[in-house]
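Take a look at the letters that make up each chain.
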Amino acid sequence: MHILLVGGGGREHAIGWKLAQSKLCSKLTSAPGNGGLAALGERAPIRATEITKLVEYAKTHGVDFVVAASDDPLALGLVDACKAAGLRAFGPTKAAAELEWSKAFAKGFMKRHGIPTASYEVFTDCDEAVAYARSMDPSEGKPIVIKADGLAVGKGAVITKSIGEAEVTLREMMLDAKFGESGKRVVIEEYMTGREVTALCFTDGERIYPMPPSRDHKRALDGDLGTNTGGMGVITPVPDYTTEIAERCMREIFLPTTDGMRQEGRSFSGVLYFELMLTPDGPKVIEYNARFGDPEAQALLPLLESDLLELMLAIEAGEPVTPVWSDEACACVVVASGGYPDAYQTGKPISGLDKIPSEIVVFHAGTSVDAAGNYLTSGGRVLSLCAKGKTLDDALRTVYRHIDKVRFEGAFYRKDIGKRVTV
Ligand code: AMP
Ligand code: GLY
């Protein structure tokens, strides 16, 4: 089969790497892809947001299956457009993906279906939002969480610790359009405490198949300092996500979500991402995403023993599947460009990739290849280095033993991924 994989980050490289191993995959094209995906097949020079061009490409190039891996094309209705053109496509429809592209929709949905999450209010008027923030009184020591309603590349949630900070954030989002249209509407919510865990699941809308739990490290710097990023490293499994908690999540969160979406006529098919906070009152949803996490996919897919393409085809067709996962651990550490997630430079030559041993899988995110075949940086998150191990400590040791071999000007990575966890 000819597969068109839409996106160009580390997640897409990991998905493409796994799809290319399938006996059913005869050709893999990525759009727009990246330096890593270039080694797995062709790249179509189409951005992930150019829905009409993507569908046209698929129709004219004999594409059998479109895999929509990133958030923007899902929010723009890529899957709907493919289906309307008679193409098979993996991922939720635009209406189902609203769980991710509107936080206000997601919060309302959880309220309607009794799914545990932080209490909240939605605002489109900045003065009203500021008045509400004042009434929450962060001087009592509880931060106020302010979120842009729409997609904001993982940076749209701000935890403010004073009313002054809350006001500045609200004005930047709502009046100065710091996140463009995404921030015109904001959600202000209660601050939750606890440990975070990502629960990714395959679902055909009815049946739900949890993947091993994983834990992203979102802040830019060691010690969970610095601003939120798209994710600087991931561990899986997560020792404090016990079987008991997993069963509770299935009962109180996962099934009510897929059931609720079906009841609302928005059946969700694809990968559903539950970002959870394990609070003293039990697990609560921080947010939903409508696709694999990045970099969660990079840590999880090396552990998937089943054929990913077979799984995706069956999920899309609504047929039962039996995903098989290795019981090993996996660690993923992201190497980023200096300055990320704020301003950073690109076009820096990357060296040392040939010195990384084969026990580490290197997934490319922001890389490109020049005419001479050299890799250059082209984004904020540049590479993810992933290793499996019998234990998490083994996996982390392997990555950290070799990570300094990869070099480019300004490169940095977190040195404490998985540090607070021992297995
Ligand atoms: P989000 O963009 O919703 O995934 O939020 C990014 C990060 O902000 C999360 O990974 C949490 O660390 C933090 N966060 C978001 N919402 C809350 C909340 N209600 N309480 C505490 N922390 C939160
Ligand atoms: N790693 C967070 C995300 O993919 O949204």
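Structure report, in brief. Just so we're clear, the structure is a prediction, and the values are computed from it rather than from any experiment.

## Considering the packing of helix α1 (residues 10–19) against helix α11 (residues 308–317)
Where α1 contacts α11, the two axes come as close as 8 Å, and the packing angle between them is 100°. In this view, α1 runs roughly perpendicular relative to α11, as classed from their interaxial angle. Along its contact with α1, which presents I15, K18 and L19, the element α11 presents L308, L309 and M312.

## Some thoughts on the side chain of R291
Looking at where R291 falls in the secondary structure, it is placed in the loop between β17 (282–289) and α10 (296–300). Residue R291 is classed as buried on the basis of its relative accessible area of 11%. At 2.8 Å, the side chain of R291 forms a polar contact with the side chain of E100. In this view, R291 contacts R11, A69, S70, D71, L74, E100, L200, V271 and Y273; residues no more than four positions away in its chain are not counted.

## Let's talk about the nonpolar core
In terms of nonpolar packing, the biggest core is built from 46 residues, with V66, L78, Y241, F254, F274, L276 and Y288 touching the most fellow members. Examining the composition of this core, we find that 5 residues originate from one element, helix α2 (residues 51–60), more than from any other. Leaving out residues up to four positions away in the same chain, Y288 has contacts with L99, E100, A106, F109, M110, I115, T257, L272, Y273 and F274. With 39 residues, the next largest nonpolar core counts L5, A14, I15 and L313 among its residues.

## Observations regarding the site of ligand 1
Among the 17 residues in the neighbourhood of ligand 1, the closest are listed as E189, E190, M192, E196 and E275. Within the backbone of E190, a nitrogen or oxygen atom sits 2.9 Å from a nitrogen atom of ligand 1. Between ligand 1 and E196 there is a distance of 2.3 Å, counted from an oxygen atom to a side-chain nitrogen or oxygen. Look at ligand 1: alone it shows 470 Å² of surface, and the protein chains cover 93% of it. A class-by-class count of the residues in the shell around ligand 1 yields 8 nonpolar, 1 polar and 8 charged.

## A look at the sheet that holds strand β3 (residues 42–43)
Taken in spatial order, the 5 strands make up an open sheet running β3-β2-β1-β4-β5, and their pairing is parallel. Pairing within the sheet leaves two strands with one partner each, and these edge strands are β3 and β5 (88–90). Strand direction decides the pairing type here: strand β4 (residues 65–68) and β5, joined by 3 bridges, are parallel. Among the inter-strand pairings, V66 is bridged to a residue of β5, identified as A89. Relative to the sheet, α1 contacts β1 (2–7), β2 (27–32) and β4, its axis offset from that of β1 by approximately 170°. The sheet strands contacting α2 are β1, β2, β3 and β4, and the helix crosses β1 at an angle near 170°.

## Here we look at helix α8 (residues 163–174)
Owing to its 3.6 residues per turn, the α-helix aligns residues three or four sequence positions apart on the same side. The end-to-end C-alpha separation of α8 is 16 Å, in line with the 16 Å expected for 12 residues at 1.5 Å each. Those residues of α8 lying buried are A166, E167, T169, L170, M173 and M174. Angularly, the buried residues of α8 cover 165° about the axis, an arc narrow enough to put them on a single face.

## Concerning the pairing of β2
Relative to β2, β1 runs parallel, the two sharing 6 bridges. When the sheet's bridge partners are listed, H2 is paired in β2 with K27. As a crossover connection, the stretch from β1 through α1 into β2 is right-handed. As judged from the 2 bridges shared by β2 and β3, these two strands associate in the parallel manner. Directly across from T29, in β3, lies its bridge partner E42.

## A short note on the pattern of salt bridges
What the rule picks out here adds up to 28 salt bridges. One salt bridge connects E167 with R134, and the closest N-O pair in it is separated by 2.5 Å. Here E167 is found in helix α8, whereas its partner R134 is found in helix α7 (residues 126–136), with 33 residues between them in sequence. A relative accessible area of 17% places E167 in the buried class.

What counts and how
Residues numbered from 1 in each chain as written. Chains lettered and ligands numbered in written order. Predicted model: local features only at pLDDT ≥ 70, side-chain atom pairs only at ≥ 80, totals over all residues. Heavy atoms only, no water. Axes fitted to C-alpha atoms, helices over the stretch in contact; angles between N-to-C directions. Helix = DSSP H or I, 4+ residues; strand = E, 2+ residues; numbered from the N terminus. Parallel < 35°, antiparallel > 145°, perpendicular 65-115°, else oblique. Contact = heavy atoms within 4.5 Å. Buried < 20%, exposed > 50% of the residue type's maximum accessible area, 1.4 Å probe, protein only. Polar contact = N/O pair within 3.5 Å; in protein donor to acceptor, adjacent residues only side chain to side chain. Core = buried A, V, L, I, M, F, W, Y, C linked by side-chain atoms within 4.5 Å. Near = heavy atom within 4 Å. Areas by Shrake-Rupley, 256 points an atom, 1.4 Å probe, with all protein chains shown as cover. Nonpolar A, V, L, I, M, F, W, Y, C, P; charged D, E, K, R; others polar. Pairing = 2+ DSSP bridges. Expected span 1.5 Å × (residues − 1). Arc of directions from axis to C-beta. Right-handed = clockwise from strand over helix to strand, strands pointing away. Salt bridge = Lys/Arg side-chain N within 4 Å of Asp/Glu carboxyl O.

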